Amino acid sequence: MSKKLLLKDAHIEGIRYFETYRKQGGYEAAEKALKMTPDEILEEVKASGLRGRGGAGFPTGMKWSFLAKPEGVPRHLVVNADESEPGTFKDRYLMEFLPHLLIEGMLISSYCLGSNTSYIYIRGEYSWIPDILEEAIEEAKAAGFLGKNILGTGFDLEIYVQRGGGAYICGEETALLESLEGKRGNPRLKPPFPAVKGLWERPTVVNNVESIAAIVPIMDITGAEYAKIGVGRSTGTKLISACGNINKPGVYEIDMTITVEEFIYSEEYCGGIPNGKKLKACIPGGSSVPIVPANLLLKTINGEPRYMNYESLADGGFATGTMMGSGGFIVLDEDQCIVEHTMTLARFYNHESCGQCTPCREGTGWMYKILKKIENGQGKMEDIDLLWDIQRKIEGNTICPLGDAAAWPVAAAIRHFRDEFEWHIKNPELSQTQNYGLANY
Ligand code: L3W
Ligand code: SF4
């Protein structure tokens, strides 16, 4: 059984309220941290090996150490709660059931970074959660954990919740900052990184909800103890939101030492695939990461078991591996049509492209149109090569990672399931009437 750090109290009734959270030891990590110096906290975070939980897996301690500290310029912590990646719903769970865990994490992180005004930018569709967060903020303030002179330390902190307008691109950190400033959410060119020029050109740390929540157990058990959980550079625990063709969709906390097979088939996690169907493929890290067929998902190219961690999932590069990403684990059984699935994702990325870069603006549209044509039985064999060519022209040629995120699913689908694309082209009548995977043909 995986160790629980974030969700250990999630089952306790009333845990979203201050009184219950406090009875379970809530805010003790903050009390401990506020007796330390910011540099001491930073050392703990570095020692923990925590990697950003939003998708990129960038080391949190390193990101914090990049924060510029010019004299007299305010700094900010911004929590990225714009969780819009298809298949990803772990931050929603944390905010809905454990809002004080996030607020306590923000208090410790803000103190460490020297932010007196911190923000939670939350996706617009999570319409019911800002009220939960704002209520928790008020409770924390009434108990002296937010506001002026927190616990007599002289440290002041206000936290504001900002609702997004429902654009996926605002989950990209610089688009988020633009939106928070009241502008259209267009990504900025990097560098400069937000750590140097972020919100209102001030040094800013942008971190995912889960990353900031993880600061609480790190302070609780120490960075060194946190680093002992997991394996290699995949330290601590990771939340996985599991969905698709599984018996038990939901949010699970794993310690990154379990195999992918165990995660899919054990009763503790996904509970297997409904109706005894076969596993066809999986997208383990949210819609942006490459899809992997079952044979490469359960074992690496060397025949080793594949594990639920950053290194093992990526083993073999994009040719045979994939990415941990945001932990949005989407399982596809043998009945699923890869062409239809890829077309659906292409439509999503085309719709969400902000339009600043030509390869992304035009390329996502063309990929969607060609995939729709193939899916509807009107494709030609050369369309597959055209699709491959378009995705290659997008990858690495855009301002923000949305371009790559749109290209990778198409590349991986063609690489691993080319026969399925060809089947659609060779069988136009069947293609128009059936939406099944090859197993049903
Ligand atoms: C200072 C440097 N800071 C890097 C910081 C940078 C950022 C972090 C990671 O995209 C991925 C994307 C999605 N000085 C720095 C530096 N940083 N070098 O480190 O940066 P980066 O560019 O590697 O990634 P990113 O822009 O944060 C995130 C993928 O995640 N993804 C997306 C999930 C989306 C959600 C959602 O719904 N909100 O979770 C899933 O896999 O495709 O590749 O903070 O500033 N020298
Ligand atoms: Fe906008 Fe796409 Fe360019 Fe990102 S890659 S800035 S979403 S056009």
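Above: the structure in question.
Let me begin by describing the structure that accompanies this report. (Residues numbered from 1 in each chain as written. Chains lettered and ligands numbered in written order. Predicted model: local features only at pLDDT ≥ 70, side-chain atom pairs only at ≥ 80, totals over all residues. Heavy atoms only, no water.)

1. Details of the packing of aromatic side chains
Cut-off, in case you're wondering: Only Phe, Tyr and Trp rings take part, Trp by its six-membered ring, and two of them pair if their centres are within 6.5 Å. Stacked means planes under 30 degrees apart, edge-to-face means over 60, and tilted covers everything else. The rule for a charge over a ring is simple: NZ of Lys or CZ of Arg within 6 Å of the ring centre, and within 35 degrees of the ring normal.
Going through the model one piece at a time under the given rule, you end up with 18 aromatic pairs. Centroid distance Tyr21 to Tyr27: 5.5 Å. Interplanar angle 80 degrees. Geometry classified as edge-to-face. Here the aromatic rings of Phe348 and Tyr349 are separated by 5.1 Å at their centres, their planes lie at 75 degrees, and the arrangement is edge-to-face. Here the aromatic cluster, defined as three or more aromatic residues joined through ring pairs, consists of Phe18, Tyr21, Tyr27 and Phe145. The aromatic ring of Tyr310 is capped on one face by Arg51, whose charged end is 4.2 Å from the ring centroid. In this structure, Arg123 is placed above the aromatic ring of Tyr126, and the distance from its NZ or CZ to the ring centre is 5.1 Å.

2. What to know about the site of ligand 1
Note the following rule: It suffices for a single heavy atom of a residue to lie within 4 Å of a molecule or strand for the residue to be listed as near it. Between N or O atoms, a polar contact is any pair within 3.5 Å; within protein, one atom must be a potential hydrogen donor and the other a potential acceptor, and residues adjacent in sequence are included only when both atoms are from side chains. Here the accessible surface of atoms and residues is derived via Shrake-Rupley with a 1.4 Å probe, and residues count as covered only by protein chains that are part of the display. Lys, Arg, Asp and Glu make up the charged group, whereas Ala, Val, Leu, Ile, Met, Phe, Trp, Tyr, Cys and Pro make up the nonpolar group; the residues left over, Gly among them, are polar.
As a structural note, the neighbourhood of ligand 1 is formed by 20 residues, with Gly54, Lys63, Ser84, Glu85 and Glu173 the closest of them. A distance of 2.6 Å separates an oxygen atom of ligand 1 from a polar atom in the side chain of Lys63. Between ligand 1 and Asp82 there is a distance of 3.1 Å, counted from a nitrogen atom to a backbone nitrogen or oxygen. Within the complex, the protein chains bury 76% of what would otherwise be the 910 Å² of accessible surface of ligand 1. Here the shell around ligand 1 is built from residues that sort into 7 nonpolar, 7 polar and 6 charged.

3. Concerning the side chain of His100
Let me state the cut-off plainly: In this text, helices come from DSSP runs of H or I with a minimum length of four residues, and strands from runs of E with a minimum of two, each type numbered from the N-terminal end. With a 1.4 Å probe rolled over the protein chains alone, any residue whose accessible area is under 20% of its type maximum counts as buried; one over 50% counts as exposed, and the rest are partly exposed. By definition in these notes, contact holds between two residues if any of their heavy atoms fall within 4.5 Å.
Looking at where His100 falls in the secondary structure, it is placed in helix H6 (residues 99-113). With a relative accessible area of 0%, His100 lands in the buried category. Side-chain polar atoms of His100 contact the backbone nitrogen of Phe18, separated by 3.3 Å. Polar contacts involving the side chain of His100 include one to the side chain of Tyr27, which spans 2.8 Å. Apart from the residues within four sequence positions on either side, His100 is in contact with Arg16, Tyr17, Phe18, Tyr21, Tyr27, Ala136, Glu139 and Ala140.

4. As for the sheet that holds strand E3 (residues 158-163)
The criterion, for reference: Two strands pair if DSSP finds at least two bridges between them. Geometry is summarised by axes, namely lines fitted to C-alpha atoms with helices restricted to the contacting stretch, and by angles between N-to-C directions that run from 0 to 180 degrees.
Strand order in the open sheet formed by 4 strands is E3-E2-E1-E4, and the pairing between neighbours is parallel. Two strands bound the open sheet, and with one partner strand each, they are E3 and strand E4 (204-208). Each adjacent strand pair in this sheet contributes to an overall mean axis angle of 20 degrees, direction not counted. Relative to E3, strand E2 (residues 117-122) runs parallel, the two sharing 6 bridges. The partner of Tyr119 across the bridge, within E3, is Tyr160.

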